[in-house]
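Residues per chain, in single letters:
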Amino acid sequence: MKRKECVKVVVRARPLSSKEIEEGRKRIVDVDTSRKEINIQNIKGDNNEAQRTFVFDEVFDLNSQQEQVYNNTALPIVESVMDGYNGTVFAYGQTGTGKTHTMEGKNDPPHERGITPRTFDHIIKVIEGTPNIQFLVRCSYLELYNEEVRDLLSPNHLTKLELREKPEQGIFVKDLSKIVVKSVAELNEWLKAGRANRKVGETKMNQESSRSHSIFTLTIESSEIGADQQQHIKSGKLNLVDLAGSERQSKTQAVGVRFEEAININLSLTTLGNVITTLVDGKSQHIPYRDSKLTRLLQDSLGGNTKTVMVANIGPADYNFDETMSTLRYANRAK
Ligand code: ADP
Ligand code: MG
């Protein structure tokens, strides 16, 4: 398989919010789903073109439904993870553009559920429908803030964990909880528990969740007696990643925040962009996984025979022009 086929980059534009409509904000983003284009009007009045067009593997407009987004992004990856491959789904974008909406959505009404709960349903349904294969599903949920890893499923979720590397295991987080799960209800409960711990950490440690990355990982092992009467064992891993907001930290916001922190948050996003660009490009042998914790953590699920999709989320309004351009450029470079 060509590397290019393993990385898919899509863009999703949310509708104007009621607040934006109230404030009379102008929509400057146009989504052409048939041509897979995003058109953005340049409102700067500078010497650049009045409009820019970007083409992606897929684009989703303001009317896009959660099910449609899931089917066209995560679903093929979930299927290949059940077949023993690794995969990663990323939500990228400025805070407030729909990353969490895309990944988690809302449970009620059910059609608003995002990629993560739909993935849970899919996996358990396949397991229940395939009694001749034995499955073992485990989940982990961690947060990466300022290049520090915390276990969101542990009673000690404020403790910093270390990244380790062993020749046979590769890179792993020492002492990270890996919880065996058997039902959709259990998966949803762990997701909820982790989210609650994230909130507690945010308050106790004076941090904003918008500046941390969260990774929910499902490991799926299967064992089957084949026609050859031999046991066939497969193991796949799926990472569902809600990335930190991609917006630049303004100087005022950075007051009281260590400078190092702002740099680190950008470091993981910048390195992720570099890793994906290098993978897609396929020319360089050196892929800079080691340059950030995020990419080290995901090293065995990015590149090689793994599948990756990045959903870049954007806002449609004029006042977000700079951030939206920056997201489109990042996504464009990654495809
Ligand atoms: P982020 O996680 O990127 O900060 P959120 O997912 O929290 O952004 O979205 C911000 C707000 O916009 C939420 O109220 C969310 O429900 C709403 N929203 C985001 N994307 C969409 C969409 N595609 N359609 C409708 N509402 C959306
Ligand atoms: Mg969010």
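Residues numbered from 1 in each chain as written. Chains lettered and ligands numbered in written order. Predicted model: local features only at pLDDT ≥ 70, side-chain atom pairs only at ≥ 80, totals over all residues. Heavy atoms only, no water.

Caption draft 1: Spotlight on the pairing of strand β13 (residues 213–225). With 10 of 13 residues buried, β13 lies mostly within the body of the structure. In the sheet, strand β7 (residues 134–145) pairs with β13 via 11 bridges, with the strands oriented antiparallel. Counterpart to Val137 in the pairing with β13 is Ile220. Sheet topology note: the β13/strand β14 (residues 231–242) ladder contains 12 bridges and is antiparallel. Bridge pairing in β14 links Ser214 to Asp242. What sits between the antiparallel neighbours β13 and β14 is a turn of 5 residues, in which Gln229 has the positive phi angle 65°. (Buried < 20%, exposed > 50% of the residue type's maximum accessible area, 1.4 Å probe, protein only. Helix = DSSP H or I, 4+ residues; strand = E, 2+ residues; numbered from the N terminus. Pairing = 2+ DSSP bridges.)

Caption draft 2: Just the environment of Leu238, in detail. By the element assignment, Leu238 lies in strand β14. Taking C-alpha positions, Leu238 is 23 Å from Leu267, a pair spaced 29 residues apart along the chain. In this view, Leu238 contacts Ile77, Val78, Val81, Gly87, Thr88, Val89, Thr119, Phe216, Thr217 and Leu218; residues no more than four positions away in its chain are not counted. (Contact = heavy atoms within 4.5 Å.)

Caption draft 3: Focus on the pattern of salt bridges. Going through the model one piece at a time under the given rule, you end up with 18 salt bridges. A salt bridge links Glu58 to Lys8, with the shortest nitrogen-to-oxygen separation between them at 3.9 Å. With Glu58 in strand β5 (residues 58–60) and Lys8 in strand β1 (residues 7–13), the pair connects residues that are 50 residues apart, well separated along the chain. On the accessibility criterion, Lys8 (25% relative accessible area) is partly exposed. With a shortest N-O distance of 3.3 Å, Glu37 and Arg35 are connected by a salt bridge. Glu37 gets classed as buried once you look at its relative accessible area, which sits at 14%. Salt bridges sharing common partners tie together Lys19, Glu23 and Arg25. (Salt bridge = Lys/Arg side-chain N within 4 Å of Asp/Glu carboxyl O.)

Caption draft 4: Geometry of the side chain of Arg150. Its location among the elements puts Arg150 in strand β8 (residues 148–151). At 2.9 Å, the side chain of Arg150 and the backbone oxygen of Leu158 are in polar contact. Setting aside anything within four residues of it in sequence, one finds Arg150 in contact with Tyr141, Leu142, Glu143, His157, Leu158, Thr159, Lys160 and Met205. (Polar contact = N/O pair within 3.5 Å; in protein donor to acceptor, adjacent residues only side chain to side chain.)

Caption draft 5: Representation of the site of ligand 1. As a structural note, the neighbourhood of ligand 1 is formed by Arg12, Arg14, Pro15, Gln94, Thr95, Gly96, Thr97, Gly98, Lys99, Thr100 and His101. In this structure, an oxygen atom belonging to ligand 1 sits 3.4 Å away from a main-chain N or O atom of Thr97. Thr100 is positioned such that a nitrogen or oxygen atom in its side chain is 2.9 Å from an oxygen atom of ligand 1. Notes on ligand 1: free accessible area 560 Å², of which the protein chains cover 65%. Here the element with the most residues in the shell around ligand 1 is helix α4 (residues 99–103); it accounts for 3 residues. Taken together, the residues of the shell around ligand 1 sort by class into 1 nonpolar, 7 polar and 3 charged. (Near = heavy atom within 4 Å. Areas by Shrake-Rupley, 256 points an atom, 1.4 Å probe, with all protein chains shown as cover. Nonpolar A, V, L, I, M, F, W, Y, C, P; charged D, E, K, R; others polar.)

Caption draft 6: How the structure looks around the packing of aromatic side chains. Under the criterion given, the structure shown has 4 aromatic pairs. Each ring, one from Phe54 and one from Phe56, has its centre 6.3 Å from the other, and the planes form 20°; the classification is stacked. Relative accessible area serves as the criterion here: at 1%, Phe54 is assigned to the buried category. Ring geometry for Tyr92 versus Tyr330: centroids 4.0 Å apart, planes at 10°, classification stacked. Remark: Tyr330 occurs in helix α9 (residues 321–334) and Tyr92 occurs in strand β6 (residues 86–93); sequence separation between them is 238 residues. Of the residues examined, Tyr330 reaches a relative accessible area of 12% and is grouped as buried. Site record: aromatic cluster; members linked through ring pairs are Phe120, Tyr141 and Phe216. A cation over a ring is seen here: Arg25 above Tyr319, with NZ or CZ 4.3 Å from the ring centre. (Phe/Tyr/Trp six-rings, centres within 6.5 Å; stacked < 30°, edge-to-face > 60°. Lys NZ or Arg CZ within 6 Å of the ring centre and 35° of its normal.)

Note that all results are geometric; they support no functional claim without further evidence.
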